[in-house]
Amino acid sequence: MPLARSLSITSLSGLEEWDEEFDLEDAVLFEIAWEVANKVGGIYTVIQTKARLTAEEWGENYFLVGPYVESNVRTQVELIEPTNPALKRAIDKMNSSGCKVYFGRWLIEGSPYVVLIDVAFTAWNLDKWKKELWDNFSIGVPWFDREANDAVLFGFLTAWLLGEVGSQCEEPPHILAHFHEWLAGLGLALCRQRQLPVATIFTTHATLLGRYLCAGSVDFYNNLADFNVDKEAGDRQIYHRYCLERTAARCAHVFTTVSQITAVEAEHLLKRKPDIITPNGLNVKKFSAMHEFQNLHAQSKNRIQEFIRGHFYGHLDFNLDKCLFLFIAGRYEFSNKGADIFLEALARLNYLLRVNHSDVTVVAFFIMPARTNNFNVETLKGQAVRKQLWDTAQTVKERFGKKLYESLLVGQLPDVSKMLDKDDFTMMKRAIFATQRQCQPPICTHNMLEDSNDPILTCIRRIGLFNSSADRVKVIFHPEFLSSTSPLLPMDYEEFVRGCHLGVFPSYYEPWGYTPAECTVMGIPSISTNLSGFGCFMEEHIADPSAYGIYILDRRYRGVDESCNQLTSYLFQFCQQSRRARIIQRNRTERLSDLLDWRYLGRYYISARHMALAKAFPDTYFYQPHDSETAQGFRYPRPASVPPSPSLSRHSSPRQSEAEEDDDRYDEDAEAEKDRLNIRQPLTLPSKKGPCHQPPVLWSLI
């Protein structure tokens, strides 16, 4: 089933006629999500990175609403008194009625205001609110589903908050409430059921049923129109959750989702066609010179190499300068995230590198949090051995240097045979003996709680990638989030990504895909699929994605084995690139970061908000939707020089001549200038609203 361009706004060029002076003087925005100041998944990144742009647009009239989690508040939120009188009265009234509602600033870029609701403190209302939910919506929530119980409490409390705010305004308010995901969706349905003066937006970042169906190895995309959604949700014991999500989608003034592929999914599973696509963006930090991010890559790569030296001590029989670092990261969903097809492709890549006698070694990292006891003793020992060898080398170097210095002081050339004495050789021999190892380097850096049933480890046992000396592909499974305080791999995620050569994300179910997007803004090539929102977005806006280091794997129109062969081909050809070709490719990849900046993608959210206000308050606001037929996306042209993509990076003759190696048909500055012409100037917000920390008070309804 082809993906039709059926939405009102699907490409950047469809936004050029916007009225950016849309009057927001008498409006206030509440953005509501379970992941406000509460990191659970990708929605946290969406809200955190978008907050600065939204705060600049709405000033003091922008409030985020989320759950109160004490451990998060201690480190992320500065609690203060509410700055707006109407909101202060609403919070005080709720607190006097048996709630606990907190107000503060979220300590992120933009410093937005947050309203945090303690759902546990009002759990005594749960049975009453469940009865009201059943009476009004015919949705029953079982007692044992704690997450759904939290959603009920959070939904009723947010609706209570919005109702109180409206009642505390002296004039009829223009409140806009943007709800993210099903956990917050009940509040939206209650606002509509109670006929509150609230314009509502609902954004689904991934449908519940879609995620469950894909995890169950169902041929999802070819059977979207045929699923009996009620039966499928009931079979998976998520019918009540599914009903909450579908109710929110059907009740919202404006329904949005994050990608075209998810829009088709939502139309069939949630029974409503999204009004607007709102792709996820990032805050892109641009460097003053191109070489700066390349230097960061080199620095982070050196730190990864140090870890590799320790992890493979005793078996370090490969050249680290010809070692490529690949990685996959994200939620531990073995099939949905494509870890299964990645492992199979690595086994085939290992065979190709061996039979072609390649001197390239590939180290593939799996960064996927799972249940563990603690660090693997053998892994920790490797880092200790590496540190011991380094200390030994430094000691011998100092003693050697002192003798060399004394010899030169007396005007004599040193006798090299006497520079190192017997003690020095003994010390070095002991250090060498300490590196001897009877076992293979470990696959997993931690002790898994369910080692025998772990999907990644089970697959590795089947394909036989055990980090042996004969293998050209090594595998390291790191089942926890990266941290700069880790005793094993002391790097945060951003540093680690910068140090790798290629991110591999062959997901089967990926509504957007922040991991390849983060690779792009850091100048790291990546592999994604045409079943991910990111992959579809890049295919729409780039004429030749692979030339820019964005490889799109076909998992929609090919079988699993064909897709695996295509992925193997991408990986093998990437391994054949020269170092210079990889540098050129990273330059091109980094130039695409403008496409993913909130300064551009934030326009979609602005359009959704304008549309919702116009639908809810037609006497005050007017919005003219754009014609989707005239929306043609930006198309980055194919680079003028020969692109250093895998398919074109091999030499045309058996032996490459020096002249051909030095033939420089690539002009970085000229290509960068041409690419800049394909990007419109970023969104410029009206100057009357300053940044969130020092704007005028714009809420004139109190």
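Heads up: the structure comes first, above all this text.
Structure report, in brief. (Residues numbered from 1 in each chain as written. Predicted model: local features only at pLDDT ≥ 70, side-chain atom pairs only at ≥ 80, totals over all residues. Heavy atoms only, no water.)

Following the sequence through the fold, His-178 ends up in strand β6 (residues 174-180). Judged by relative accessible area, which is 1%, His-178 ranks as buried. Polar side-chain contacts of His-178 include one of 2.7 Å to the side chain of Thr-203. (Helix = DSSP H or I, 4+ residues; strand = E, 2+ residues; numbered from the N terminus. Buried < 20%, exposed > 50% of the residue type's maximum accessible area, 1.4 Å probe, protein only. Polar contact = N/O pair within 3.5 Å; in protein donor to acceptor, adjacent residues only side chain to side chain.)

Right, let's talk about the packing of helix α13 (residues 377-409) against helix α15 (residues 422-434) for a bit. Running from N to C, α13 and α15 point in directions that differ by 165°, and their axes come no closer than 10 Å. When the axes of α13 and α15 are compared, the pair comes out roughly antiparallel. Like other packed secondary-structure pairs, α13 and α15 cross with a definite hand, here left-handed. Facing Val-385, Gln-388, Leu-389, Thr-392, Thr-395, Val-396, Arg-399 and Lys-403 of α13, the residues of α15 in contact are Asp-423, Asp-424, Met-427, Met-428, Ala-431 and Ala-434. (Axes fitted to C-alpha atoms, helices over the stretch in contact; angles between N-to-C directions. Parallel < 35°, antiparallel > 145°, perpendicular 65-115°, else oblique. Left-handed = near helix turned anticlockwise from the far one by under 90°. Contact = heavy atoms within 4.5 Å.)

With that settled, consider unusual backbone geometry. Residue Gln-237 is not a glycine yet carries a positive backbone phi of 60°. Note on placement: Gln-237 falls in the loop between α8 (229-235) and α9 (239-251).

With that settled, the discussion passes to helix α4 (residues 126-137). The end-to-end C-alpha distance of α4 is 16 Å, a good match for the 16 Å that twelve residues give at a rise of 1.5 Å each. If you check which residues of α4 are buried, you get Leu-126, Trp-129, Lys-130, Leu-133 and Phe-137. Along the axis of α4, the buried residues cluster in a sector spanning 105°; they form a single face. Exposed residues lying more than 90 degrees from the buried face of α4 are Asp-127, Lys-128 and Lys-131. Tucked into the core, α4 has its buried residues touching α5 (146-168), α6 (181-193) and α9. (Expected span 1.5 Å × (residues − 1). Arc of directions from axis to C-beta.)

On inspection of all chains with the given rule, the structure shows 39 salt bridges. Among the ionic pairs, Arg-599 bridges to Glu-56, the shortest N-O distance being 3.0 Å. With Arg-599 in helix α22 (residues 598-616) and Glu-56 in helix α1 (residues 42-58), this residue pair connects regions lying 543 residues apart in the sequence. We note a salt bridge from Asp-554 to Arg-558, for which the minimum N-O separation is 3.7 Å. Shared partners join several salt bridges into a network, and the residues in it are Glu-344, Arg-348, Arg-462 and Asp-561. (Salt bridge = Lys/Arg side-chain N within 4 Å of Asp/Glu carboxyl O.)

A contiguous nonpolar patch, built from Tyr-405, Leu-409 and Val-410 and spanning about 360 Å² of accessible area, is present on the exposed surface. Here Tyr-405 lies in helix α13. (Patch = residues over 30% accessible without salt bridge, like charges linked within 9 Å, V, L, I, M, F, W, Y side chains within 5 Å. Areas by Shrake-Rupley, 256 points an atom, 1.4 Å probe, with all protein chains shown as cover.)

A few words now on the pairing of strand β10 (residues 323-329). Counting buried positions along β10 yields seven of seven residues, so the element is predominantly enclosed. Both faces of β10 are covered, namely the face carrying Cys-323, Phe-325, Phe-327 and Ala-329 and the face carrying Leu-324, Leu-326 and Ile-328. The parallel pair β10 and strand β11 (residues 361-367) is bridged by helix α12 (residues 339-355), and the resulting crossover is right-handed. (Right-handed = clockwise from strand over helix to strand, strands pointing away.)

A few words on the packing of aromatic side chains. Across all of its chains, the model carries 28 aromatic pairs by this definition. Between Phe-30 and Phe-63 the ring centres are 5.4 Å apart and the planes differ by 25°, which places this aromatic pair in the stacked class. Of this pair, Phe-30 sits in strand β1 (residues 27-32) while Phe-63 sits in strand β2 (residues 62-67), placing them 33 residues apart in sequence. An identical accessibility class is assigned to Phe-30 and Phe-63; each is buried. Aromatic side chains Tyr-221 and Tyr-508 sit 5.6 Å apart centroid to centroid with 70° between the ring planes, which places their arrangement in the edge-to-face category. You can see Tyr-221 sitting in the loop between α7 (208-215) and α8 and its partner Tyr-508 sitting in the loop between β15 (502-504) and α18 (514-521), a full 287 residues away along the chain. (Phe/Tyr/Trp six-rings, centres within 6.5 Å; stacked < 30°, edge-to-face > 60°.)

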